[in-house]
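So the chains spell out like this:
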Amino acid sequence: MAHLHKVLLILTLFFLAVNAKHRRHKRKNPHLRIPLLPIPHLPPLPFTQEPSDDNNNFPGQNDKDDQVIGGGEENKGDFNMVSFGHWELISENSGVSAMHINLLPTNKIIVFDSKIYRNSRLKLQDGVPCLPYKDANQNDQLDCAAHSMEYDIETNQVRPLKIGGGDPWCSSGGLAPDGTLVGSGGFLDGGKTLRFIGGPDCQDCQWREYDNALAEERWYGTQQLLPNGDFIVIGGRRSFSYELLPKEGQKGEKPYFFPFLYETSDFDENNLYPFVHLSTDGNLFIFSNNRSLLLNPTTHKIVRTFPVLLGGSRNYPASGMSALLPIDLNAATLKAEVIVCGGNLPNAFELAETKKIFLPALQDCNRLTISEQFPEWDRELMPSRRTMGDALILPNGELLLINGAQVGTAAWWDADAPNYTPVLYSPLKPKGLRFRVLKPSQIARMYHSTSAVLPSGKIWVGGSNTHDRYKDQDKFPTETRVEAFSPPYLDAKFDKYRPQINEFASDKELRYGGYFETQFSVEDQAMLTLNDIKVTMYSPPFTTHGFSMGQRLLYLKTENIMTFEGFYRVRLVAPPSGEIAPPGYYLLFVVHRGLPGKGMWVHIQ
C-alpha cells in the first residue's frame, strides 16, 4: 500500500509540472477549438432526465485559467434599453416587390412575386431567355422581367431569378432539412406546382419547378415542416384538405379531406392561409377564421378542439397575425402557447371590396396555452389596430409586430391608414406591461409586404403592392425599396455588453438530446453567470401575407458556463426531438441580459 502511495505522489507531481509548463504557453489563437476533455463524446441526454452532479461541471473547473461559474447568483435582469429603434434604407430599388420571402443558410433571402401581369422593376440576366406568352388578344409576347430575385443581406445586392413554371402568386413555402427552399401552390397553372431552390453546394442556383406535382390545387395554403422532415400543406382557396408534399421530381399521392376548413369558411372566406404551428407533442395547431384545433398529422385524427376566439376573423383576408411563443427547454414542464393578434370583422372584406368602406382593424391580442387540456383565451389590447401585419419572434424572445394597416383588409385597394409604427411585445412581462411603441417608418407597408429577422438581429422589411400591377404613381406606389429596422437591443450604447460568438470554436452540427458547446466573448469583462446568459435557436420562416410559416424560437437548456483567457464557453443541451425542433438549419443567438449578439447558423438532425 505504501508503494502505491509513492506511485500516486510521483504521478501527481508530474501532472502539476506539466500543467505549469502548459500555463506558461498561453493560447493566443482566438479561433482555437477548446474541447471539453476528457469527455469529448457524451451520450444523448434524455429530455426528462436531470443531469447528475458529476455532469454539471466542466473538466478543469478548479484551474486558474478555466473557471466554471455557477448559476445561483442574483438575477440582474435585462438591460434597460430606452431606445425606440432605428430605421435605415438599405436598397433604393430591389427590383421585385417582396410578396414571399425566406432567409436561407447562405445569408441570402429568396424573394418572389406573382408573374401574371408580366412586369417588375428587374430584368432577367443577360443570356437568360425571356418567357413567351400570349396577351389578351392572343398575340405572342415575351416576358423579360424577373419575378424573383436573390437578395444578399451582406452586400444588399440582388441577383435576378427566372420563374418559368406555374404562377407562384399567393403560394406557401419553407426550408427543408438540407436548407432547400421548397415552395408549393399558387395561381391557376401554379396551383399544383412545387418549386425548389438552394440546398447543399448550390451556388448561383436557379428555381427547379415541377408543375402538376401536388394532388390538389393550393392557392393561399399554409406549409409546415413535420418532425420527420417532411412538409405538409394545409388548405387553400376551395381546397378543404391537406396533403404531404412529395419529394423533388415526384407527384403527390392524395389529399386528406379536412371538414374543419369547410366549416370555418364564410361568405368572405376568412379562412385562407390558416395559422399552423407545430406543438411540442408533434401535433399541429391549426387556426382558421375564429376556431382552432389540434390535429395529429400521422393518424389524421383531431386530438382536441379549443374555444372559439371571439371578436372577429383572423385569417386572410381579415388577415391577423399569429406566432408560437418561445419554448423554454429549461422549464420543468414544457409549455406550448400561441398568440393571435389583430384581423377584422367577418364582413370587412365585402365592404372594402364592393363599397370601399374600410372598417377599423381589430386591436386585441389573445394567448392560448395549447399544451393544456382545457385552456382559455387570454385577451389584451395592442397600442394600435392592425391588419396585414407580421409577428416576428426576436432573438431575445420578444415579439415584433410590424407592417400592415389600421383599417380595411387584404386584397387590392382594400385598406388605408398604414400602420407605420412597430410594437415590441414582451411575453414574459406582467399583463398590462407587455407592449412598447417603437419608432415609425416613413414607408407604407401594407398588402403584400414582408419582413424577416436577420443574423445581425436587424429586421429586413420589404414589399407592399396594394394593386394588380407595378405602379409608380399612386397613393401607395408599389414598393421595391428595402429597409432595415434595428430594434432597441441594437442600441450602440450597449455594444460592449453584446456577446460575440467565436464560430471557429463552436459546435455547428447538433444531434438531438446531445451536449454541445458555444464559445463567445464580451468586450466588457464583467464576470458573467448562467443567470446573465440565454441561448436561443430560431428557425427562419417563410413569410407571406402576414404569416410566418414554420417560425419558432427555443430557449436552449444551459448546463454550465466556463471562462478561460477572456472567453466564455457555455455547455448546452440540443433540443430532444423533431417534435421540439424539426430537423434543419437554425440561427443560434447568445443573449446577454436581453442583448443578442450576431447569430450563428447551426444544423440539427
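Before any of the text, the structure's been laid out above.
Thresholds, definitions, all that
Residues numbered from 1 in each chain as written. Predicted model: local features only at pLDDT ≥ 70, side-chain atom pairs only at ≥ 80, totals over all residues. Heavy atoms only, no water. Helix = DSSP H or I, 4+ residues; strand = E, 2+ residues; numbered from the N terminus. Buried < 20%, exposed > 50% of the residue type's maximum accessible area, 1.4 Å probe, protein only. Contact = heavy atoms within 4.5 Å. Areas by Shrake-Rupley, 256 points an atom, 1.4 Å probe, with all protein chains shown as cover. Core = buried A, V, L, I, M, F, W, Y, C linked by side-chain atoms within 4.5 Å. Pairing = 2+ DSSP bridges. Disulfide = S-S within 2.5 Å. Axes fitted to C-alpha atoms, helices over the stretch in contact; angles between N-to-C directions. Phe/Tyr/Trp six-rings, centres within 6.5 Å; stacked < 30°, edge-to-face > 60°. Lys NZ or Arg CZ within 6 Å of the ring centre and 35° of its normal. Salt bridge = Lys/Arg side-chain N within 4 Å of Asp/Glu carboxyl O.

Caption draft 1: Quick peek at the overall build of the protein. Check the secondary structure of the protein and you find three helices and 46 strands. Expressed as a percentage of the 605 residues in the protein, the buried residues total 59%. Taking the contacts inside the protein whose residues are at least 6 apart along the sequence as the reference set, 65% of them involve residues at least 24 apart. Split by element, the accessible area of the protein, about 25,300 Å² in all, is 53% carbon and sulfur.

Caption draft 2: Quick look at the nonpolar core. Judged by nonpolar contacts, the single largest core of 72 residues is most densely connected at Phe-520, Met-537 and Leu-556. With residues near it in sequence (within four places) discarded, Leu-556 still touches Leu-329, Asn-330, Phe-516, Val-535, Met-537, Leu-572, Val-573, Pro-575 and Leu-588.

Caption draft 3: Expanded view of the pairing of strand 8 (residues 158–161). Relative to strand 8, strand 7 (residues 148–152) runs antiparallel, the two sharing four bridges. For Tyr-151, the partnering residue across the bridge sits in strand 8 and is Val-158. Counting the residues that bridge the hairpin from strand 7 to strand 8 gives five residues, and of these Asn-156 lies at a positive phi of roughly 60 degrees.

Caption draft 4: Structural context of the state of the cysteines. Within this structure, the stated rule accounts for two disulfides. Residue pairing for Cys-341: its cysteine sulfur links by disulfide to Cys-365, the two sulfurs lying 2.0 Å apart. Between Cys-341 and Cys-365, the S-S dihedral sits near 110 degrees, and the bridge is therefore right-handed. With a gap of 24 residues between them, Cys-341 in strand 23 (residues 337–341) and Cys-365 in strand 24 (residues 364–369) connect regions that are remote in the sequence. Grouping residues by exposure puts Cys-341 and Cys-365 together as buried.

Caption draft 5: View of the sheet that holds strand 32 (residues 449–453). Here we have four strands laid out as an open sheet, ordered 2-34-33-32, and antiparallel in their pairing. Either end of the sheet is taken by a strand with one partner, and the two such strands are strand 2 (86–91) and strand 32. The average angle at which neighbouring strand axes cross in this sheet is 25 degrees, direction not considered. In this structure, strand 2 lies alongside strand 34 (residues 482–486), joined through five bridges in antiparallel fashion. Among the inter-strand pairings, Ser-91 is bridged to a residue of strand 34, identified as Val-482.

Caption draft 6: A look at the packing of aromatic side chains. The tally for this structure, following the rule as stated, stands at 29 aromatic pairs. Summarising the aromatic geometry, the rings of Trp-87 and Phe-485 are spaced 4.7 Å apart at their centres and angled 40 degrees between planes, so their arrangement reads as tilted. Here the residue Trp-87 occupies a position in strand 2, and Phe-485 occupies one in strand 34, the gap between them amounting to 398 residues. Comparing Trp-87 with Phe-485 shows no difference in burial state: the two are buried. Note on Phe-564 and Phe-567: the rings are 6.2 Å apart at their centroids and 25 degrees apart in plane angle, and the pair reads as stacked. Note on Phe-564: relative accessible area 4%, which makes it buried. Taken together, the ring pairs connect Tyr-117, Trp-169, Phe-187, Trp-219, Tyr-220, Tyr-273, Tyr-316, Trp-412, Trp-413 and Tyr-447 into an aromatic cluster. Sitting over the ring of Tyr-133, Arg-118 keeps its end group 4.3 Å from the ring centre. Above the face of the Phe-79 ring, Arg-593 is positioned so that its terminal group lies 4.0 Å from the ring centre.

Caption draft 7: Structural context of the pattern of salt bridges. Counted under the stated rule, the structure contains 26 salt bridges. Between Asp-143 and Arg-118 there is a salt bridge, with its nearest N and O atoms 3.8 Å apart. A residue pair is termed long-range when its members are at least 10 positions apart, and Asp-143 in strand 6 (residues 140–143) and Arg-118 in the loop between strand 4 (108–112) and strand 5 (131–134) qualify at 25 residues. Judged by relative accessible area, Asp-143 falls into the buried class, the value being 2%. The salt bridge partner of Arg-469 is Asp-468, with a shortest N-O separation of 3.0 Å. On the basis of relative accessible area, Arg-469 is assigned to the partly exposed category, the value being 38%.

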